[in-house]
Amino acid sequence: MVAVMRTGPGDEPESTDNDSDTHTAGSLRVVDPAERAAGPGPSGLTAEEMADFGAEMDRLRQEILDSLGEDDAAYIRRVIDTQRRLEAAGRLALFAGILPPAWVAGTVMLATAKILENMEIGHNVMHGQWDWMRDPEIHSTTWEWDNTCPSSQWKHTHNQTHHVWTNVLYKDRDVGYGLLRITRDQRWHPVYLAQPIYAAVLGMLFQWGVALHDVEVDQLLNGRADAAVSRERLKEVGRKAGRQVLKDYVAFPLLAGPFFLPVLAGNMAANLARNVWSFTVIFCGHFPGKVPTFTAADVVEEDRDGWYVRQVLGSANISGGPLMDLMTGNLSYQIEHHLFPDLPSNRYAEIAPRVRESCERHGLPYVTGSLPRQFGSVIARLFKMAIP
């Protein structure tokens, strides 16, 4: 199960306060007494309770796997077809981008296409959600997404690291992305005073932050990463990023001839919109104020049942309806995604009520809220953690 210790790997926490937006889980005791009085929340699940919850999640997963079929395959093919049509229409409209209405329409369509490709298609295909179709074109081993990050590196940092160690400090590199202080268990440094500013920069350049994630630049500077491995990864990033830059900022603008600048501006704006949206969705799913982080000690001897519980505790959903679900890649159901990362995303809405009911029955918090509410909570947390 989980250990009782709350010390981080190599560092003592700087504070023992119990603010739910700043402390690690500490043996899954994540809700302070005041918050428990206001509503349900874990006070420490027994091994039997976690085993019961884990068994329910296993049964639910198998039920969905057994029911996958042509309707699901038709869904992802339809989304891919829609995305490609949107991208083609957007790029064509930008060729007439000297006209403001055409530029706006083209940029919006291209931005939407890029968001769909990265969120609902690329992210989920590379998770292996559609491998059961045995379609070589829609498969985790062959899909290369429209992003500066090579798919192989993304699958390593995301599938093999993040989803195994969700919100575990110093194991899950998504906790702060090597730049941000998310919990008081991270030692404070004066550089964090500026983190609201460089968090905004990270949001605008998010695909580049993702691209450098597996290079481990921060660990390299600290002497904790293998320099040779990082160099090879950086070379791979350079090749992929070079193709992306050539496509969006050279080839398509040149094809527009005298309208080079409007097409270039449209591509830049579309990438900016995709970056900011992706950053917003991902941070809202992991770092709202009520979502804790964990230390290595919290996951000592953790089994599959404890892993299920940690996925719920370390995640948050975004309410908003079908359009929100589609545009977030169904990461509006981040809790369900963390529980079942390899289930097709179109099924998350179906299973969410059952997951929520099980969480409530077992006393687990099911954090959900509107996009403005969740993002506001993230921003508040970033400001709070910027100071000692």
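Residues numbered from 1 in each chain as written. Predicted model: local features only at pLDDT ≥ 70, side-chain atom pairs only at ≥ 80, totals over all residues. Heavy atoms only, no water.

Colleague: Explain the layout of surface pockets to me, using residue names and the numbers behind them.
Modeller: A volume near 740 Å³ is recorded for the largest pocket. If you go around the largest pocket, you meet 24 residues; those closest to its centre are Tyr170, Gly178, Asp218, Gln219 and Asn222. Top contributing element to the lining of the largest pocket by residue count: helix H8 (residues 217–221), with three residues. When the residues that make up the lining of the largest pocket are grouped by side-chain class, the tally is 11 nonpolar, five polar and eight charged. (1 Å grid on protein atoms, 1.4 Å probe; cavity = no way out; pocket = protein on both sides within 12 Å on 5 of 7 lines; lining within 4 Å. Points joined across faces, edges and corners; volume = space filled by probe spheres on them. Helix = DSSP H or I, 4+ residues; strand = E, 2+ residues; numbered from the N terminus. Nonpolar A, V, L, I, M, F, W, Y, C, P; charged D, E, K, R; others polar.)

Colleague: Describe empty space enclosed by the protein, naming the residues involved and giving the relevant values.
Modeller: With the rule as written, the count across this model stands at one cavity of 30 Å³ or more. Within this model, the largest cavity holds a volume of roughly 300 Å³. Along the wall of the largest cavity there are 22 residues; nearest its centre are Trp145, Trp154, Phe206, Val210 and Ile282. Counting only elements with at least two residues in the lining of the largest cavity, the list comes to helix H4 (100–126), helix H5 (151–162), helix H7 (206–213), helix H10 (260–286) and helix H13 (334–339). Of the residues in the lining of the largest cavity, the class split is eight nonpolar, 12 polar and two charged.

Colleague: Quick rundown of unusual backbone geometry? Include the residues and the values.
Modeller: Of note in the backbone geometry, Arg134 takes a positive phi value of approximately 60° without being a glycine. With respect to the element layout, Arg134 can be found in the loop between H4 and H5. The backbone of Glu301 sits at a positive phi, close to 65°, despite the residue not being glycine.

Colleague: Tell me what's going on with a nonpolar patch on the surface, and back it up with residues and numbers.
Modeller: On the surface, Ile197, Val201, Met204, Leu205, Trp208, Leu272 and Val276 cluster together into a nonpolar patch covering about 600 Å² of accessible area. Elements supplying a minimum of two residues to the nonpolar patch: helix H6 (195–204) and H10. Looking at the nonpolar patch, the element that brings in the most residues is H6, giving three residues. Structurally, Val276 can be placed in helix H10. (Patch = residues over 30% accessible without salt bridge, like charges linked within 9 Å, V, L, I, M, F, W, Y side chains within 5 Å. Areas by Shrake-Rupley, 256 points an atom, 1.4 Å probe, with all protein chains shown as cover. Salt bridge = Lys/Arg side-chain N within 4 Å of Asp/Glu carboxyl O.)

Colleague: Residue-level account of the side chain of His163, with values.
Modeller: Looking at the element boundaries, His163 is found in the loop between H5 and H6. Taking relative accessible area as the criterion, His163 reaches 4% and is therefore assigned buried. Polar contacts involving the side chain of His163 include one to the side chain of His337, which spans 3.3 Å. Leave out the neighbours within four places in its chain, and His163 touches His127, His158, Trp307, Gln311, His337, His338 and Pro341. (Buried < 20%, exposed > 50% of the residue type's maximum accessible area, 1.4 Å probe, protein only. Polar contact = N/O pair within 3.5 Å; in protein donor to acceptor, adjacent residues only side chain to side chain. Contact = heavy atoms within 4.5 Å.)

Colleague: Could you give an account of the nonpolar core, with specific residues and numbers?
Modeller: Ranked by internal contacts, the top residues of the largest apolar core, which has 33 residues, are Phe206 and Phe283. Elements that contribute at least two residues to this core include exactly helix H3 (70–94), H4, H6, H7, H10 and helix H15 (371–385). Element by element, the count of residues in this core is highest for H3, at five residues. Every residue in contact with Phe206, bar those within four places of it in the chain, is listed here: Tyr177, Asn275, Ser278, Phe279, Ile282 and Phe283. Counting residues in each nonpolar core, the second largest holds 27 residues, with Val309, Val312, Tyr348 and Ile351 among its members. (Core = buried A, V, L, I, M, F, W, Y, C linked by side-chain atoms within 4.5 Å.)

Colleague: Lay out the packing of aromatic side chains with the relevant residues and their values.
Modeller: Taken as a whole and judged by the stated rule, the model has 10 aromatic pairs. Across the ring face of Phe252, the terminal group of Arg91 is positioned such that the distance to the ring centre comes to 4.0 Å. Sitting over the face of the ring of Trp165, Lys171 holds its NZ or CZ atom 4.4 Å from the ring centroid. (Phe/Tyr/Trp six-rings, centres within 6.5 Å; stacked < 30°, edge-to-face > 60°. Lys NZ or Arg CZ within 6 Å of the ring centre and 35° of its normal.)

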